[in-house]
Amino acid sequence: MLMDTSDMICDTYPGEMIGREYMENLYGEDMDRVLHSVVKLKNAVIGNNKQKFHMMSLGVVGRLLEFIQNERAAVGLRTESAIVLGSLAKGSQANVKRLVDSGVVPILLQCLNNSNLKFVEGCLRCLRSIFTSQAAPVELLYTDPGVVPHMLDIVSQSPTTQECICSILAQCCKTSEHQGLLYSNGVIESLAPLLASKMYKVQMPALRVFCVITYTNQIVSSAVASATVSERPLPDLLVELCLRDKSVEMQMSSAKCLTYMCRANALSSQDSKIVYKALPTLIRMCKKDRRLEERVEGAETLAYLIEVDLELQRIASYSDHLIPTLSEFLRYPSTQTTVMDLKRLDYDMKHSYELRAAALMAFASLGANDEDIRKKIIETENLMDHVVCGLSDPVIRVRLAAVRCLHSLSRSVQQLRTSFQDHAVWKPLMKLLQNADDDMLTVASSTLCNLLLEFSPSKEPMLESGAVDLLCDLTKRDDPALRLNGIWALMNMAFQAEQKVKSQILVALGTDQLFKLLSDPDVNVLMKTLGLLRNLLSNKPHIDHIMGMHGQQIMQAIVLILEGEHTIEVKEQTLCILANISDGTTAKDFIMANDDVLKKITNYMIHANVRLQIAATFCISNLVWNEEEGALERQMKLRDMGVQKLLQQLLSSSDTVLFDKVKTALQQFT
């Protein structure tokens, strides 16, 4: 019995026999037959990835590029060659990479200068396929500074040039530099009319361009906000594109563009286009009847829109059952499945982590500022369980979103004392901090700051779990945000803390690191370090103990700050530390024995800024307090320095707080 070899023939015939025949014909001298072979090749590779791969392996790309670059070749041959390359680019990502490595992109970009529209369109279609792939060589578009201006010059020549050029620019605008380059070359003026096109395949990619050029760019967003299309404000056209009779993709992209313009301060958050169109559109995109990708994109964009605006957060929180709708994201997919659902379940599982991350980000934005909204979120069934589980999720996006949500909810004093304690959220948070990257560390350590507030029940168990060492390590990081969060959390930990906790902080941080932070170039880090020092130097026994160990170094650091070019806030905080030191029993001797510091205090009593006057006067009041041992000697020294006369002069101050401080200080002199 003979074996059927038809399957083997089908596999090998196109690759081995026809492929070589094509290649031989491409090198013939009869150009009509060559053109005919290129057309046959085009028909052979369309929709056939195996054939595409094999023809590329035989070197067809190089031969096609020779035709394209040959200006003496017939334009029909050059055009068909570009079309074949475009078909090859629609194969696998490996095919795209091989095309890029063969130098296709710069050659095709150069060919856009050709006067034949059909040839240019063929080149553009191929470039679109390459630039819209995952292996897109974005920077090649910007290598020649003449390419982008020329593309914008020819964009209006045909629907194909409009569609392809918009698609390419939308995919290749990745950085603020790209945005600036497109803007400076007139992208708004060139593409704005296309938003009113009657052709969806032109209108949609043009809209995508406006989304990418406005994202986090105030200059471009403002220019778009003031642009017009046929004397009609462009933002009004975006509102029209949000209408329900438009495709979901168009509604979403229009709402995103309005969102980006709002976040870039080109549109007010209270503008009707935002409140009555962009916001409701995004909320509608979160509904259960939408595709999973649409729900994710809607929730993510909504989170970005309302992230920093309290009024938008409030409007969103009571709009269209948003909170229950988002909570459904966390329970997706349903565990109740049948055999018929398995294919859908596989699809759902692939997208479930995106839904969880999007919902948690939206909850983070919703609860960022309002206590009532936080309460509604936390009272949602099992939400805290989902947040805590999210901290241990295998997908980093979900973990990051869960931490952001936790950070937002941790701003609630009530929740810190109840829900956070009930769910012991500090445990997974501490575990997460052990091996987190910088993005995760920044958000997680911000949350830690709130969990370490004096009234938080989580404070004690976190101290016992190594929080001090972890935070001290953060203060040594290169990233200012991490140093800030580390020192901020230590400051919260030290507030009204027991002596053993303060000692633990000082030992773990080390005086060298503490004083290094007091000279940190980031003013926020400096302020929180001063706040830590102020909290450490509170309570008389604690003040005396710490000054007894580190008094000379602390005084030296204070002098450097008071003499340096620092803000009023920094100097006020430093004077408050001196006021705390002067409240100690033995610690105040460090001030009284330092004439330079005393002179600085008296100088700040007559400073132009009343806040510094108040802080300096409070320091003097503590030094002369007549109920404490040695008060007479301190009063005598300060009287000889003219402090009493300065206080009497300050009685004429119109500031009531300063007047009261001065009056109290004068009453101490005997």
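Computed from a prediction, not measured in an experiment: that's the story for all the values here.

Undergrad: Hey, could you run me through the layout of surface pockets in this one?
TA: Where empty space is left becomes clear once a probe the size of a water molecule has been rolled over the atoms. Estimated volume of the largest pocket: approximately 490 Å³. Taken together, 20 residues form the lining of the largest pocket, with Arg 208, Cys 211, Val 212, Lys 256 and Glu 297 sitting closest to its centre. Secondary structure elements with two or more residues in the lining of the largest pocket: helix H11 (159–172), helix H12 (176–184), helix H14 (200–214), helix H17 (248–263) and helix H19 (292–306). For the lining of the largest pocket, the leading source of residues is H17, giving 6 residues. For the lining of the largest pocket, the per-class residue count stands at 8 nonpolar, 6 polar and 6 charged. The space that makes up the second largest pocket amounts to roughly 300 Å³. As for the second largest pocket, its lining consists of Glu 307, Val 308, Met 361, Ala 364, Ser 365, Ala 368, Arg 404, His 407, Ser 408, Arg 411, Val 443 and Ser 446.

Undergrad: Help me out: how do you make sense of the packing of helix H31 (residues 467–474) against helix H33 (residues 499–509) in this one?
TA: Two packed helices can be described by the angle between their axes and the distance between those axes. It is at 9 Å that the axes of H31 and H33 come closest, and there the two elements cross at 40°. Relative to H33, the element H31 is oriented oblique. Note on packing geometry: the crossing formed by H31 with H33 is right-handed. Contacts between H31 and H33 involve Val 468, Asp 469 and Cys 472 from the former and Gln 504, Ile 505, Ala 508 and Leu 509 from the latter. Taken together, the residues of the contact of H31 with H33 sort by class into 5 nonpolar, 1 polar and 1 charged.

Undergrad: Help me out: how do you make sense of the pattern of salt bridges in this one?
TA: Think of it this way: side chains of opposite charge can pair up when their charged atoms draw near. Going through the model one piece at a time under the given rule, you end up with 32 salt bridges. For Lys 201, the salt bridge identified is with Glu 163, shortest N-O distance 3.9 Å. You can see Lys 201 sitting in helix H14 and its partner Glu 163 sitting in helix H11, a full 38 residues away along the chain. Since its relative accessible area comes to 41%, Lys 201 is described here as partly exposed. Through salt bridges with shared partners, one network takes in Lys 540, Asp 583, Lys 588 and Glu 628.

Undergrad: Would you explain the state of the cysteines in this entry?
TA: What is meant by a disulfide is a covalent connection between two cysteines, made through their sulfur atoms. Tallied over the entire structure, the rule returns 0 disulfides. Of all cysteine sulfurs, the one in Cys 166 lies closest to Cys 164, which takes part in no disulfide; the gap is 9.6 Å. Looking at the unpaired Cys 619, the closest cysteine sulfur is the one in Cys 576, lying at 9.5 Å. Note on Cys 619: relative accessible area 0%, which makes it buried.

Undergrad: What am I meant to see in the packing of aromatic side chains here?
TA: For any pair of aromatic rings, the description consists of the separation of the ring centres together with the inter-plane angle of the planes. Applying the stated criterion across every chain, the model contains 3 aromatic pairs. Ring geometry for Tyr 260 against Tyr 304: centres 6.0 Å apart, planes inclined by 70°, an arrangement best described as edge-to-face. Taken together, the residues span a long stretch of sequence, with Tyr 260 in helix H17 and Tyr 304 in helix H19 at a distance of 44 residues. Grouped by ring-pair contacts, the aromatic residues Tyr 215, Tyr 260 and Tyr 304 constitute a single cluster. Between Arg 63 and the ring centre of Tyr 27, over which it is positioned, the NZ or CZ distance is 4.4 Å. Above the face of the Phe 618 ring, Lys 661 is positioned so that its terminal group lies 4.4 Å from the ring centre.

Undergrad: Is there a simple way to think about the environment of Ile 601 in this case?
TA: With respect to the secondary-structure elements, Ile 601 resides in helix H39 (residues 595–605). With a relative accessible area of 0%, Ile 601 lands in the buried category. Counting along the chain gives 11 residues from Ile 601 to Leu 612, while the straight-line C-alpha distance between them is 9.4 Å. Beyond its immediate sequence surroundings of up to four residues, Ile 601 is in contact with Leu 578, Ile 591, Ala 616, Cys 619 and Ile 620.

Undergrad: When you look at the side chain of Thr 325 in this model, what are you seeing that I'm missing?
TA: Note that Thr 325 resides in helix H21 (residues 322–330). A relative accessible area of 7% places Thr 325 in the buried class. Sequence-distant contacts of Thr 325, defined by excluding residues within four places in its chain, comprise Cys 286, Lys 287, Arg 295 and Asp 320.

Undergrad: Would you explain helix H7 (residues 104–111) in this entry?
TA: An α-helix turns once every 3.6 residues. As a result, residues three or four positions apart point the same way. When you tally the buried positions in H7, you get 6 out of 8 residues, the bulk of the element. Residues of H7 that are buried in the fold lie against helix H4 (60–69), helix H5 (75–89), helix H6 (93–101), helix H8 (117–131), helix H9 (140–143) and helix H10 (147–154).

Undergrad: When you look at unusual backbone geometry in this model, what are you seeing that I'm missing?
TA: Note: most peptide bonds trans; most residues except glycine with negative phi. A positive phi is found at Thr 216, a non-glycine position, where the angle reads about 50°. With respect to the helices, strands and loops of the structure, Thr 216 is situated in the loop between H14 and helix H15 (218–226). We classify Thr 216 as exposed; its relative accessible area is 52%. The phi angle at Glu 231 is positive, at roughly 65°, despite the residue not being glycine. Mapped onto the fold, Glu 231 is located in the loop between strand S1 (228–229) and strand S2 (232–233).

Undergrad: How do you make sense of the packing of helix H37 (residues 568–582) against helix H40 (residues 610–623) when you look at a structure like this?
TA: At a minimum axis distance of 8 Å, the contact between H37 and H40 shows a crossing angle of 10°. Taken together, H37 and H40 sit at an angle that is classed as roughly parallel. Along its contact with H37, which presents Ile 568, Glu 569, Lys 571, Glu 572, Leu 575, Cys 576, Leu 578, Ala 579 and Ser 582, the element H40 presents Arg 611, Leu 612, Ala 615, Ala 616, Phe 618, Cys 619, Asn 622 and Leu 623. Of the residues assigned to the contact of H37 with H40, the class counts are 11 nonpolar, 2 polar and 4 charged.

Undergrad: Which parts of the structure should I look at to understand helix H25 (residues 396–409)?
TA: The end-to-end C-alpha distance of H25 is 20 Å, a good match for the 20 Å that 14 residues give at a rise of 1.5 Å each. Across the 14 residues that make up H25, a large majority, 10, are buried. Among the residues of H25, Val 398, Arg 399, Ala 401, Ala 402, Val 403, Cys 405, Leu 406, His 407, Ser 408 and Leu 409 are the ones counted as buried.

Undergrad: Help me out: how do you make sense of the nonpolar core in this one?
TA: Side chains of nonpolar character tend, in soluble globular proteins, to be buried together. Membership of the largest hydrophobic core comes to 233 residues, with the highest contact counts inside it found for Leu 141, Leu 578 and Ile 581. Looking at this core, the element that brings in the most residues is helix H36 (residues 540–563), giving 10 residues. Leaving out residues up to four positions away in the same chain, Leu 578 has contacts with Met 555, Ile 558, Leu 562, Ile 591, Val 597, Ile 601 and Cys 619.

Criteria and cut-off values
Residues numbered from 1 in each chain as written. Predicted model: local features only at pLDDT ≥ 70, side-chain atom pairs only at ≥ 80, totals over all residues. Heavy atoms only, no water. 1 Å grid on protein atoms, 1.4 Å probe; cavity = no way out; pocket = protein on both sides within 12 Å on 5 of 7 lines; lining within 4 Å. Points joined across faces, edges and corners; volume = space filled by probe spheres on them. Helix = DSSP H or I, 4+ residues; strand = E, 2+ residues; numbered from the N terminus. Nonpolar A, V, L, I, M, F, W, Y, C, P; charged D, E, K, R; others polar. Axes fitted to C-alpha atoms, helices over the stretch in contact; angles between N-to-C directions. Parallel < 35°, antiparallel > 145°, perpendicular 65-115°, else oblique. Left-handed = near helix turned anticlockwise from the far one by under 90°. Contact = heavy atoms within 4.5 Å. Salt bridge = Lys/Arg side-chain N within 4 Å of Asp/Glu carboxyl O. Buried < 20%, exposed > 50% of the residue type's maximum accessible area, 1.4 Å probe, protein only. Disulfide = S-S within 2.5 Å. Phe/Tyr/Trp six-rings, centres within 6.5 Å; stacked < 30°, edge-to-face > 60°. Lys NZ or Arg CZ within 6 Å of the ring centre and 35° of its normal. Expected span 1.5 Å × (residues − 1). Core = buried A, V, L, I, M, F, W, Y, C linked by side-chain atoms within 4.5 Å.

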